[in-house]
Amino acid sequence: MMLRHIISMKDFSHDEIDIILKRAKDFEPIARGKKSSLLSGKILATLFYEPSTRTRLSFETAMKRLGGEVIDLGSVEKSSVAKGETLADTIRVIGNYADAIVLRHPREGSARMAAQFSNVPILNAGDGAGHHPTQTLLDLYTIMRESSLSNLRIALVGDLKYGRTVHSLAYALSMYHADMTLISPKQLQMPDVIKKDLKKQGASITETTNMEDVLGDIDVLYVTRIQKERFPDPAEYQKVAGIYRVTAELLEKALDNLIIMHPLPRLDEIDPAVDRTKYARYFEQSFYGVPVRMALLAMAMEVA
Ligand code: CP
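Reading guide: rules and limits
- Every chain is numbered independently, its residues counted from 1 as its sequence is written.
- The predicted nature of this model means local features are confined to residues of pLDDT at least 70 and side-chain atom pairs, given and counted, to a pLDDT of 80 or more, with totals for whole chains, interfaces and linings taken over all residues.
- No hydrogens and no water enter the side-chain calculation; it runs on all heavy atoms of the structure.
- Type-normalised accessible area, obtained with a 1.4 Å probe on protein chains alone, sets the label of each residue: buried when under 20%, exposed when over 50%, and partly exposed for intermediate values.
- Per the convention used, a helix needs a DSSP run of H or I reaching at least four residues, while a strand needs a run of E reaching at least two, with both numbered from the N terminus.
- By arc we mean the arc of the directions from the helix axis to the C-beta atoms, nothing more.
- Only heavy atoms enter the contact rule, under which two residues are in contact if any of them lie within 4.5 Å.
- Note that the domain bounds were set by an automatic or database domain assignment.
- Buried area counts how much accessible surface, traced with a 1.4 Å probe, disappears from two parts once they are put together, with both parts' losses summed.
- Definition used for salt bridges: Asp or Glu carboxyl oxygen within 4 Å of a side-chain nitrogen of Lys or Arg.
- UniProt positions are given in the numbering used here, feature names are shortened, and annotations may be inferred rather than shown by experiment.
- The rule is simple: put a 1 Å grid over the protein atoms alone, call a set of points where a 1.4 Å probe fits but cannot get out a cavity, call an open set with protein on both sides within 12 Å along at least five of seven lines a pocket, and count a residue as lining if it has an atom within 4 Å of a point.
- Identification of polar contacts relies on pairs of N or O atoms within 3.5 Å, with a donor-acceptor requirement for protein atoms, meaning one able to donate a hydrogen and the other able to accept it, and with residues adjacent in sequence counted only if both atoms are side-chain atoms.
- Stacked, tilted and edge-to-face pairs are distinguished by plane angle, under 30 degrees for stacked and over 60 for edge-to-face with tilted covering the rest, among Phe, Tyr and Trp rings (Trp via its six-membered ring) whose centres lie within 6.5 Å.
- Grid points are joined across faces, edges and corners, and a volume is the space filled by probe spheres set on the points.
- Following the grouping adopted for this structure description, the nonpolar residues are Ala, Val, Leu, Ile, Met, Phe, Trp, Tyr, Cys and Pro, the charged ones are Asp, Glu, Lys and Arg, and the polar ones are all others, Gly among them.
- At least two bridges found by DSSP between two strands is the condition for calling them paired.
- Every axis in this analysis is a line fitted to C-alpha atoms, fitted for helices over the stretch in contact. Angles between the N-to-C directions lie between 0 and 180 degrees.

**Notes on helix 3 (residues 87–94)**
Phase 1: Looking at helix 3, one finds that the buried residues are L87, A88, T90, I91 and I94. Take helix 3 and look down its axis: the buried residues cluster within an arc of 165 degrees, on one side only.
Phase 2: Those residues of helix 3 that are buried lie in contact with strand 1 (43–48), strand 3 (100–105), helix 4 (110–117) and strand 4 (122–127).

Okay, here's the thing in structure tokens:
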């Protein structure tokens, strides 16, 4: 399968996702250190207009372990963006240097706009409160490896309004006919436009504000951070900060096979004591970003 731009999970079919997940499995030994020169001679450019640890470094790791090279825009303040260069011009120029571009930008829709000006694949690494498709693919991969995508009962908890990871994930889960419970305070519910889309696709969705009540009925608990940086009014953030906290005591109500995921970074929504329980999978999840991004890079650069 040839990929071009990776902008939104809405652009993928179920079959295409399955191909990517299967390909990622083939890359796991290389992600763990086995030598490869598959992307030798290829260059990836990373453009992060917002902070990142996992996405930026796992793309970089994926590229380097496959024998390719990475160029990085660095801090926006030290690039010509600070002189007022537009995103469109920046993309046009970097397309002359690299074989693919990973872009994170605070503006929703920026990745799709960038794709219109790019002569190389754009991989959306998060566009504001919009989408984060490569995170979703690694989330699906984590579920496939650590639980099961069949007959999945999953709860998404936290900031479902501004959290781009859950927006992308919900679209993908609807393709797998997952039973989804959306847990958030009223003011951070999943946007209506997304819920409408999901229902049109026949998704099974229940909404609640209470995490405790659902713990005994789910296979995956997907926890998210309240996205402080997206709140127009800091006082509104203070009203919901710390509203959900997963603790070892709370997990006494959980099914034996429950796994807990989090795209990370976390603040206080998962107590560190949970890290030592059998339920925690968020650090494995961050590792799985490497084989999944290897698969995406290989496909985007047309070598797989
Ligand atoms: N999960 C995720 O996108 O993490 P970073 O913001 O550190 O890239």
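**A closer look at the domain arrangement of the chain**
Phase 1: Under the domain assignment used here, the chain contains domain 1 (9–131 + 288–300) and domain 2 (133–286).
Phase 2: If you average the C-alpha positions of domain 1 and of domain 2, the two centres end up 24 Å apart.
Phase 3: The interface of domain 1 with domain 2 comprises 32 residues on the first partner and 29 residues on the second.
Phase 4: Contact between domain 1 and domain 2 buries roughly 2,700 Å² in total, counting both sides, with carbon and sulfur atoms accounting for 63%.
Phase 5: In terms of surface lost to domain 2, no three residues of domain 1 exceed M9, R54 and Y288, which account for 30% of the buried area on that side.
Phase 6: At the junction of domain 1 and domain 2, the tally comes to 4 salt bridges.
Phase 7: A salt bridge links R230 to E50; the shortest N-O distance between them is 2.8 Å.
Phase 8: Elements represented by at least two residues in the side of domain 1 that touches domain 2 include exactly helix 1 (14–31), helix 2 (54–65), strand 3, strand 4 and helix 9 (282–300).

**Concerning the UniProt feature "binding site: L-aspartate" (unreviewed entry) in the chain**
Phase 1: The feature "binding site: L-aspartate" (unreviewed entry), as given by UniProt, occupies K83, R164 and R225 in the numbering adopted here. Taking the farthest pair of C-alpha atoms as the criterion, the annotated set spanning 143 residues is dispersed, since that pair is 32.9 Å apart. Of the residues annotated just before, the largest pocket has R164 and R225 among its lining.
Phase 2: For R164, the location among the structural elements is in helix 6 (residues 164–175).
Phase 3: Apart from the residues lying within four places of it in its own chain, the contact partners of R164 are E50, R104, H105, G126, D127, G128, A129, G130, H131, H132 and R230.
Phase 4: Polar side-chain contacts of R164 include one of 3.0 Å to the backbone oxygen of G128.
Phase 5: Of note, R225 is situated in the loop between strand 8 (220–223) and helix 8 (234–240).

**Structural notes on the packing of aromatic side chains**
Phase 1: Summed over all chains, the structure comprises 5 aromatic pairs.
Phase 2: Summarising the aromatic geometry, the rings of Y141 and Y288 are spaced 5.2 Å apart at their centres and angled 75 degrees between planes, so their arrangement reads as edge-to-face. Taken as a pair, Y141 in helix 5 (residues 133–146) and Y288 in helix 9 lie far apart in primary sequence, 147 residues in all. For the residue pair Y141 and Y288, the accessibility class agrees, reading buried in each case.
Phase 3: Ring centres 5.5 Å apart and planes at 75 degrees place the aromatic pair F231 and Y237 in the edge-to-face group.

**Structural notes on the layout of surface pockets**
Using a probe with the size of a water molecule, rolled over the atoms, empty space left in the structure can be pinpointed.
Phase 1: In this structure, the largest pocket occupies an estimated 400 Å³ of space.
Phase 2: Looking at the lining of the largest pocket, the elements with two or more residues in it are helix 2 and helix 6.
Phase 3: In this structure, the second largest pocket is lined by 18 residues; those nearest its centre are E108, A129, G130, H131 and H167.
Phase 4: When grouped by side-chain class, the residues that make up the lining of the second largest pocket number 7 nonpolar, 5 polar and 6 charged.

**Things to note about the sheet that holds strand 5 (residues 153–157)**
Phase 1: In spatial order, the strands read 7-6-5-8-9; together these 5 strands make up an open sheet with parallel pairing. Bordering the open sheet on either side are strand 7 (204–208) and strand 9 (259–261), each of which pairs with just one other strand. Ignoring which end each strand starts from, the neighbouring axes of this sheet average 20 degrees apart.
Phase 2: Alignment of strand 8 against strand 9, held across 3 bridges, turns out to be parallel. Across the sheet, residue V220 finds its bridge partner in strand 9, namely I259.

**Describing the sheet that holds strand 1**
Phase 1: What the 4 strands build is an open sheet, ordered 2-1-3-4; its pairing is parallel. Only two strands of the sheet have a single partner each, and these edge strands are strand 2 (69–72) and strand 4. Between one strand axis and the next, the sheet turns by 15 degrees as a mean value, whatever way the strands run.
Phase 2: Inspection of the sheet shows strand 1 paired to strand 2 by 4 bridges, in the parallel sense. Residue pairing for strand 2: I43 is matched across the bridge by E69.
Phase 3: Sitting on the sheet, helix 4 is in contact with strand 3 and strand 4, with an inclination near 155 degrees to strand 4.

**Comments concerning the UniProt feature "binding site: carbamoyl phosphate" (unreviewed entry) in the chain**
Phase 1: With numbering matched to this structure, UniProt assigns "binding site: carbamoyl phosphate" (unreviewed entry) to R54, T55, R104, H132, Q135, L264 and P265. Residues that both appear in the annotated list above and line the largest cavity are R54 and Q135.
Phase 2: Along the polypeptide, R54 turns up in helix 2.
Phase 3: With residues up to four places along the chain from it excluded, the contact list for R54 reads F59, P263, L264, P265, S286 and R293.
Phase 4: For T55, the location among the structural elements is in helix 2.

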